[in-house]
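Summary of structural features
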Amino acid sequence: MSESEKSNLNHLPSRRVFVKASTAAAAVGLFGAWGAKPAETAAAEEPPVVALTKEARDQMTADQILEKWKEGNLRFREGRKIQRDFLAEQKATASGQFPAGVLLSCIDSRAPAEILFNLGMGDIFNARVAGNIENPDILGSMEFTTKLAGAKVVLVMGHSACGAVAGAIADAQLGNLTQLLAKLQPAIKATTYTGIARPTTWHSSMRWPAGISS
Ligand SMILES: [Zn+2]
(Lines give C-alpha, C1' and ligand atoms only; values in the text may rest on other atoms or scores of the structure.)
Protein backbone atom coordinates (compact mmCIF):
# COMPACT_ATOMS: atom_id res chain seq x y z
CA MET A 1 0.00 0.00 0.00
CA SER A 2 1.40 3.40 -0.93
CA GLU A 3 1.77 6.19 1.60
CA SER A 4 -1.00 8.15 -0.09
CA GLU A 5 -3.32 5.15 0.11
CA LYS A 6 -2.48 4.69 3.78
CA SER A 7 -3.15 8.36 4.33
CA ASN A 8 -6.51 8.10 2.60
CA LEU A 9 -7.52 5.16 4.76
CA ASN A 10 -6.37 6.96 7.90
CA HIS A 11 -8.62 9.89 7.12
CA LEU A 12 -11.82 7.95 6.60
CA PRO A 13 -14.58 9.32 8.82
CA SER A 14 -15.20 6.18 10.83
CA ARG A 15 -12.81 4.39 13.13
CA ARG A 16 -10.95 1.47 11.61
CA VAL A 17 -9.46 -1.56 13.22
CA PHE A 18 -6.75 -3.34 11.29
CA VAL A 19 -5.89 -6.81 12.49
CA LYS A 20 -3.14 -8.74 10.81
CA ALA A 21 -2.95 -12.44 11.62
CA SER A 22 -0.26 -13.72 9.32
CA THR A 23 -0.23 -17.19 10.80
CA ALA A 24 -3.64 -17.65 12.29
CA ALA A 25 -3.82 -21.45 12.05
CA ALA A 26 -6.47 -21.17 9.34
CA ALA A 27 -8.19 -18.62 11.58
CA VAL A 28 -9.39 -21.36 13.88
CA GLY A 29 -6.94 -20.15 16.47
CA LEU A 30 -7.17 -16.51 15.46
CA PHE A 31 -8.82 -15.46 18.68
CA GLY A 32 -7.46 -18.21 20.85
CA ALA A 33 -5.27 -15.83 22.83
CA TRP A 34 -8.21 -13.56 23.53
CA GLY A 35 -9.83 -15.84 26.07
CA ALA A 36 -11.34 -19.17 25.14
CA LYS A 37 -14.08 -20.36 27.48
CA PRO A 38 -14.01 -23.79 29.09
CA ALA A 39 -15.72 -26.62 27.24
CA GLU A 40 -18.61 -26.84 29.75
CA THR A 41 -20.02 -23.55 28.39
CA ALA A 42 -20.42 -25.09 24.94
CA ALA A 43 -24.10 -25.94 25.46
CA ALA A 44 -25.10 -22.35 26.26
CA GLU A 45 -28.16 -21.14 24.38
CA GLU A 46 -27.63 -18.52 21.73
CA PRO A 47 -29.97 -15.65 20.86
CA PRO A 48 -32.08 -15.90 17.69
CA VAL A 49 -30.43 -14.66 14.54
CA VAL A 50 -31.76 -11.51 12.95
CA ALA A 51 -30.37 -9.72 9.92
CA LEU A 52 -28.19 -6.74 10.72
CA THR A 53 -30.15 -3.52 10.20
CA LYS A 54 -28.75 -0.08 9.43
CA GLU A 55 -29.87 1.19 12.80
CA ALA A 56 -28.22 -1.68 14.66
CA ARG A 57 -25.01 -1.40 12.65
CA ASP A 58 -24.77 2.37 13.04
CA GLN A 59 -25.14 2.12 16.82
CA MET A 60 -22.23 -0.30 17.14
CA THR A 61 -18.68 0.89 17.74
CA ALA A 62 -15.74 -0.73 15.96
CA ASP A 63 -14.76 -2.42 19.22
CA GLN A 64 -18.26 -3.86 19.64
CA ILE A 65 -18.24 -5.19 16.09
CA LEU A 66 -14.88 -6.84 16.57
CA GLU A 67 -16.12 -8.32 19.86
CA LYS A 68 -19.11 -9.89 18.06
CA TRP A 69 -16.77 -11.45 15.51
CA LYS A 70 -14.59 -12.78 18.31
CA GLU A 71 -17.65 -14.25 20.01
CA GLY A 72 -18.64 -15.92 16.73
CA ASN A 73 -15.18 -17.37 16.32
CA LEU A 74 -15.35 -18.69 19.88
CA ARG A 75 -18.70 -20.37 19.10
CA PHE A 76 -17.12 -21.99 16.06
CA ARG A 77 -14.14 -23.26 18.00
CA GLU A 78 -16.35 -24.65 20.76
CA GLY A 79 -18.72 -26.33 18.31
CA ARG A 80 -21.81 -24.39 19.38
CA LYS A 81 -22.48 -22.37 16.25
CA ILE A 82 -25.75 -20.53 15.78
CA GLN A 83 -27.71 -22.51 13.22
CA ARG A 84 -28.38 -20.18 10.34
CA ASP A 85 -31.61 -20.00 8.34
CA PHE A 86 -30.03 -18.78 5.13
CA LEU A 87 -33.35 -18.51 3.28
CA ALA A 88 -34.72 -16.25 6.02
CA GLU A 89 -31.53 -14.20 6.00
CA GLN A 90 -31.68 -13.92 2.23
CA LYS A 91 -35.22 -12.55 2.42
CA ALA A 92 -34.34 -10.19 5.29
CA THR A 93 -31.42 -8.69 3.37
CA ALA A 94 -33.00 -8.65 -0.09
CA SER A 95 -33.93 -4.97 0.10
CA GLY A 96 -30.61 -3.76 1.48
CA GLN A 97 -27.36 -4.71 3.20
CA PHE A 98 -25.67 -3.10 6.18
CA PRO A 99 -22.53 -5.13 6.95
CA ALA A 100 -20.56 -3.93 9.96
CA GLY A 101 -17.13 -4.51 8.45
CA VAL A 102 -15.03 -5.84 5.62
CA LEU A 103 -12.70 -8.82 5.68
CA LEU A 104 -9.74 -9.42 3.38
CA SER A 105 -8.69 -13.05 3.41
CA CYS A 106 -7.22 -15.80 1.24
CA ILE A 107 -9.22 -17.91 -1.22
CA ASP A 108 -8.13 -20.99 0.72
CA SER A 109 -11.09 -23.36 1.04
CA ARG A 110 -10.23 -23.92 4.69
CA ALA A 111 -10.69 -20.28 5.66
CA PRO A 112 -14.35 -19.38 4.96
CA ALA A 113 -14.95 -16.26 7.02
CA GLU A 114 -18.68 -16.60 7.55
CA ILE A 115 -18.23 -20.10 8.93
CA LEU A 116 -15.15 -19.35 11.06
CA PHE A 117 -16.82 -16.28 12.56
CA ASN A 118 -20.29 -17.88 12.62
CA LEU A 119 -21.73 -14.93 10.71
CA GLY A 120 -24.71 -14.76 8.40
CA MET A 121 -25.81 -13.04 5.22
CA GLY A 122 -25.47 -9.28 5.42
CA ASP A 123 -23.01 -9.34 8.32
CA ILE A 124 -19.69 -8.75 6.55
CA PHE A 125 -18.19 -7.76 3.22
CA ASN A 126 -15.81 -10.48 2.18
CA ALA A 127 -12.88 -9.88 -0.19
CA ARG A 128 -10.87 -12.99 -1.00
CA VAL A 129 -7.73 -13.29 -3.08
CA ALA A 130 -4.84 -15.76 -2.91
CA GLY A 131 -2.38 -14.67 -0.25
CA ASN A 132 -4.82 -11.97 0.95
CA ILE A 133 -2.79 -9.35 -0.88
CA GLU A 134 -4.04 -5.86 -1.56
CA ASN A 135 -4.11 -4.11 -4.91
CA PRO A 136 -6.02 -1.13 -6.33
CA ASP A 137 -9.10 -3.25 -7.00
CA ILE A 138 -9.16 -4.63 -3.46
CA LEU A 139 -8.58 -1.16 -1.99
CA GLY A 140 -11.31 0.24 -4.22
CA SER A 141 -13.67 -2.43 -2.96
CA MET A 142 -12.77 -1.55 0.63
CA GLU A 143 -13.33 2.14 -0.07
CA PHE A 144 -16.81 1.25 -1.28
CA THR A 145 -17.54 -0.72 1.89
CA THR A 146 -16.20 1.92 4.29
CA LYS A 147 -16.86 5.25 2.58
CA LEU A 148 -20.17 4.45 0.93
CA ALA A 149 -21.69 1.42 2.63
CA GLY A 150 -20.96 2.24 6.29
CA ALA A 151 -18.62 -0.59 7.28
CA LYS A 152 -16.61 0.34 10.39
CA VAL A 153 -14.03 -2.41 10.70
CA VAL A 154 -11.35 -3.66 8.27
CA LEU A 155 -9.93 -7.06 9.14
CA VAL A 156 -7.05 -8.65 7.23
CA MET A 157 -6.84 -12.37 7.96
CA GLY A 158 -4.03 -14.64 6.83
CA HIS A 159 -3.72 -18.33 7.59
CA SER A 160 -1.10 -21.00 8.06
CA ALA A 161 -0.02 -23.38 5.28
CA CYS A 162 -0.91 -20.78 2.62
CA GLY A 163 -0.19 -22.06 -0.88
CA ALA A 164 0.26 -18.54 -2.21
CA VAL A 165 2.89 -17.73 0.39
CA ALA A 166 4.59 -21.05 -0.30
CA GLY A 167 4.60 -20.24 -4.00
CA ALA A 168 6.06 -16.79 -3.38
CA ILE A 169 8.81 -18.26 -1.22
CA ALA A 170 9.64 -20.67 -4.05
CA ASP A 171 9.46 -17.79 -6.58
CA ALA A 172 6.92 -19.78 -8.58
CA GLN A 173 6.07 -18.70 -12.13
CA LEU A 174 2.63 -19.55 -13.48
CA GLY A 175 0.57 -17.35 -15.82
CA ASN A 176 -1.17 -14.48 -14.06
CA LEU A 177 -0.29 -16.00 -10.70
CA THR A 178 3.27 -14.74 -11.22
CA GLN A 179 2.35 -11.08 -10.82
CA LEU A 180 0.14 -11.86 -7.83
CA LEU A 181 2.91 -13.71 -6.01
CA ALA A 182 5.29 -10.85 -6.80
CA LYS A 183 3.24 -8.70 -4.43
CA LEU A 184 4.26 -11.00 -1.59
CA GLN A 185 7.96 -10.78 -2.38
CA PRO A 186 8.72 -7.66 -0.31
CA ALA A 187 7.39 -9.43 2.79
CA ILE A 188 9.25 -12.63 1.89
CA LYS A 189 12.52 -10.76 1.45
CA ALA A 190 12.03 -8.86 4.69
CA THR A 191 11.47 -12.03 6.70
CA THR A 192 14.20 -14.17 8.20
CA TYR A 193 12.85 -17.68 8.57
CA THR A 194 14.16 -19.51 11.58
CA GLY A 195 12.01 -22.66 11.49
CA ILE A 196 12.57 -26.00 9.79
CA ALA A 197 14.07 -26.08 6.31
CA ARG A 198 11.61 -25.69 3.44
CA PRO A 199 12.02 -26.98 -0.12
CA THR A 200 12.91 -24.54 -2.87
CA THR A 201 10.59 -26.14 -5.42
CA TRP A 202 6.91 -25.45 -5.73
CA HIS A 203 4.17 -27.38 -7.48
CA SER A 204 1.45 -25.78 -9.59
CA SER A 205 -1.08 -27.85 -7.68
CA MET A 206 -0.55 -25.27 -4.90
CA ARG A 207 0.55 -27.94 -2.48
CA TRP A 208 3.85 -28.66 -0.87
CA PRO A 209 5.31 -32.11 -1.50
CA ALA A 210 3.93 -34.76 0.83
CA GLY A 211 5.09 -34.41 4.38
CA ILE A 212 6.05 -30.75 4.09
CA SER A 213 2.71 -28.96 4.42
CA SER A 214 1.47 -28.53 7.95
ZN1 LIG B 1 -3.76 -18.89 1.43
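Above this note sits the structure.
Below: a short report on this structure.

The rules behind the values
What you see as residue numbers is a count from 1 along each chain, following the sequence as written. Local features are withheld for residues below a pLDDT of 70 in this predicted model, meaning they are given only at 70 or higher, and side-chain atom pairs are given and counted only at 80 or more; totals for whole chains, interfaces and linings count all residues. Under the DSSP-based scheme used, a helix requires at least four consecutive residues in state H or I and a strand at least two consecutive residues in state E, with every element numbered from the N terminus. Three classes are used. A residue is buried when 20 or more other C-beta atoms lie within 10 Å of its own, exposed when 12 or fewer do, and partly exposed in between, with C-beta atoms placed from the backbone. Once C-beta atoms have been placed from the backbone, residue pairs whose C-beta atoms lie within 7 Å are recorded as contacts. Note on terminology: a nonpolar core is a set of buried residues of type Ala, Val, Leu, Ile, Met, Phe, Trp, Tyr or Cys, with members joined through C-beta atoms within 7 Å. How far each domain reaches was decided by an automatic or database domain assignment. To estimate how far a helix should extend, the number of its residues minus one is multiplied by 1.5 Å. The arc refers to the directions leading from the helix axis to the C-beta atoms. One requirement defines pairing of two strands: DSSP has to find at least two bridges between them.

A closer look at the overall build of the protein
- Each helix and strand counted, the protein has nine helices and four strands in total.
- Considering the protein as a whole, with its 214 residues, one finds that 27% of them fall into the buried category.
- Partitioning the intrachain contacts of the protein with sequence separation of at least 6 by distance along the chain shows that 80% fall at a separation of at least 24.

A short note on the nonpolar core
- Grouped together as the largest cluster of nonpolar side chains are 29 residues, with contacts concentrated most on Ala-100, Val-102, Leu-103, Ile-124, Val-153 and Ala-164.
- Breaking this core down by element, the ones donating at least two residues are α3 (62–77), β2 (101–105), α5 (113–116), β3 (124–128), β4 (153–157) and α7 (163–169).
- Looking at which domains feed residues into this core, each of domain 1 (3–159) and domain 2 (161–214) supplies at least three.
- With near-sequence residues (within four places) excluded, Ile-124 lies in contact with Pro-99, Ala-100, Gly-101, Val-102, Leu-103, Ala-113 and Leu-119.

Quick word on helix α6 (residues 136–148)
- Between its first and last C-alpha, α6 extends 17 Å over 13 residues, near the 18 Å set by a 1.5 Å rise per residue.
- Along α6, the residues classified as buried are Met-142, Thr-145 and Thr-146. One face of α6 carries all of its buried residues, which in axial projection span an arc of 85 degrees. Turned more than 90 degrees away from the buried face of α6, the exposed residues are Pro-136, Asp-137, Gly-140 and Leu-148.
- Lining the buried residues of α6 we find β2, β3 and β4.
- Gly-150 occupies a position one or two residues after α6 and carries a positive phi of about 90 degrees.

Description of the environment of Ala-151
- Along the chain, Ala-151 turns up in the loop between α6 and β4.
- Leave out the neighbours within four places in its chain, and Ala-151 touches Pro-99, Ala-100, Gly-101, Val-102, Phe-125, Thr-145 and Thr-146.

Quick look at the pairing of β2
- Judged by how many residues are buried, β2 sits mostly within the fold: five of five residues are covered.
- Burial along β2 is two-sided: the residues Gly-101, Leu-103 and Ser-105 and Val-102 and Leu-104 are all buried.
- With five bridges joining them, β2 and β3 adopt parallel strand pairing. Pairing of Val-102 across the sheet is with Phe-125, part of β3.
- Summarising the sheet, β2 and β4 pair through five bridges and their orientation is parallel. Each bridged residue has a counterpart across the sheet, and for Leu-104 the counterpart in β4 is Val-156.

Quick word on unusual backbone geometry
- Residues other than glycine seldom take positive phi values, yet Asn-118 does so here, at roughly 50 degrees.
- Looking at where Asn-118 falls in the secondary structure, it is placed in the loop between α5 and β3.
- Overall, the presence of 23 C-beta atoms within 10 Å leaves Asn-118 in the buried class.
- Unusually for a residue other than glycine, Ala-161 sits at a positive phi of about 55 degrees.
- Looking at the element boundaries, Ala-161 is found in the loop between β4 and α7.
- With 16 C-beta atoms packed within 10 Å, Ala-161 lands in the partly exposed category.

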